[in-house]
Amino acid sequence: MAAQVLMPKQGNSVESCIILDWKKAEGDTIAEGEILCEVETDKATIEVESTAEGTILKLLYAVDDDVPVQVPIAIVGAPGEDISDLAGGSETAAEAPAEEAAVTPEAAPKAEAKVEKATAVVAAGTSSVSPRARMAAEKSGLDATTLVGSGPKGRVIERDVDAAAAAMPPLSPAAKEKMAAEGLSAPAAGSGIGGRVLSSDLLSLSSQLSAEQVADAAAAAGFPGPAAEIKVRGVRKVTAKRMYESISTTAQLTLNSSADAANLLALRKRFKNSDPEKGLAKVTINDLVLYAVAKTLKAYPQINSHFLGDTILQFDHIHLGCAVDTPKGLMVPVIRYADLMSLKTLSDTAKGLFNDCLEGKANPDTLSGGTFTVTNLGGMGIESFTPVLNTPETGILGVSTIELKPVQGADGVEFIPHIGLSLTFDHQAFDGADGARFLKSLADNIKNIDLLMAQ
């Protein structure tokens, strides 16, 4: 009997996943537990296993579709089996041309909807250019992203490309080949018979052209010229939404300071040169800062908190979020109970979380639940910056590069290495004096990191 394979629920905070790649096609056989497709949540990339065994009778969504969790994505059964009751009698995105899909992601059921209702929604979401339109555009030497689409939500479909191709001046085979190979654009009319565009007529908007040629090329191509259209989705979409909500719903203020980093650098050097069996050689400056933050926050519960409007939650333990720059965008894995960890344990835990994020294997549940966040741009030479709160957290620490700072000593001015610190906090939750006291305590603990570790 045919069975549906559902988009699995990925953690408690994930409502939908984007299909990146189908590992199987319709007509293929698949075993239970075998990889069916690869999907992307707003936080990680995950492989989806088949929950049924047999022949893939129908794939209900196309690549790039944004699919709610707990919704059928494929039907598996015996060859020739009637699946009309499972497919809801509707065309699916897999069997029909992509440009015919008319159900939008907004119309897709929520994750909590009943499966019976969800099966009727089988073609949610499209990209800005359909696959068939993209192929037709490549054959015609057109840039499909510059066309006005007539499909759902303005999507460029094959007939749009055909119409644009028909309106183009005729291209010689050599001109068409050169356009595809070199990314050149065609003028409104060529110098050949009947306005035929020859390879010599092709225009390039490269910086190698003279000012006059660039002006002519721009006039032919139209202002402002070609532009890449990038769909905001996945991690970038979530980050954009969260950053906007953070700025628009909180009273953010940033305090800047620095800490004497001489002991920090010396300790890091000792760790790097220590016996490999001790496992300390890979402890980084960032690990030491995280350790100092976790220990310092214990004395400042008002900063280790969530602001919920009419309620403030102050947490007993430190669950430290750490911003990570990944190929998919910003992720913030959480080191849970960081205040209970030794430096080595914290370092090992952080590296494991960071690697999972970089490899796209982060568990969605490890990317939530933080009580305070640290973001470090020191490795990029940043001297000072204003981090944005990871709401509902009330504080985030920005860590900058280490620089020599003139300090008055007993024998005159000395140049001491200092690490930059920027604390952004929600003034609704606590006052500036509290933030200043925390920042001073943190600077003292970083300066005396060796003594802090002995406590």
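The structure this text deals with has already been given above.
Presented here is a report on the structure given in the accompanying data block. These figures come from a predicted structure and were not determined experimentally.

## Quick look at the packing of aromatic side chains
Tallied over the entire structure, the rule returns three aromatic pairs. Ring centres of Tyr-300 and Phe-438 lie 5.6 Å apart, and the angle between their planes is 80°; on these two criteria the pair is classed as edge-to-face. Taken together, the positions of Tyr-300 in the loop between helix H9 (285-297) and strand S10 (305-307) and Phe-438 in helix H11 (residues 432-447) put the pair 138 residues apart, joining distant regions of the chain. The exposure class assigned to Tyr-300 is buried, which follows from its relative accessible area of 13%. Judged by relative accessible area, which is 0%, Phe-438 ranks as buried.

## Regarding the side chain of Ser-130
Looking at the secondary structure, you find Ser-130 in the loop between helix H2 (115-118) and helix H3 (131-140). Given the relative accessible area of 0%, Ser-130 is considered buried. Within the structure, the side chain of Ser-130 is placed 3.1 Å from the backbone nitrogen of Ala-133, a separation counted as a polar contact.

## Comments concerning helix H7 (residues 234-249)
The end-to-end C-alpha distance of H7, which contains 16 residues, comes to 23 Å, matching closely the 22 Å that a straight helix rising 1.5 Å per residue would cover. Residues Gly-234, Val-235, Val-238, Thr-239 and Ser-246 constitute the buried set of H7. Along the axis of H7, the buried positions cluster into a sector of 115°, meaning they face one direction only. Exposed residues on H7 whose side chains face more than 90 degrees from its buried face are Lys-241, Tyr-244 and Ile-247. Among the structural elements, strand S2 (16-22), strand S4 (35-40), strand S9 (252-260) and strand S14 (329-331) are those in contact with the buried residues of H7.

How each quantity is defined
- Residues numbered from 1 in each chain as written.
- Predicted model: local features only at pLDDT ≥ 70, side-chain atom pairs only at ≥ 80, totals over all residues.
- Heavy atoms only, no water.
- Phe/Tyr/Trp six-rings, centres within 6.5 Å; stacked < 30°, edge-to-face > 60°.
- Helix = DSSP H or I, 4+ residues; strand = E, 2+ residues; numbered from the N terminus.
- Buried < 20%, exposed > 50% of the residue type's maximum accessible area, 1.4 Å probe, protein only.
- Polar contact = N/O pair within 3.5 Å; in protein donor to acceptor, adjacent residues only side chain to side chain.
- Expected span 1.5 Å × (residues − 1).
- Arc of directions from axis to C-beta.
- Contact = heavy atoms within 4.5 Å.

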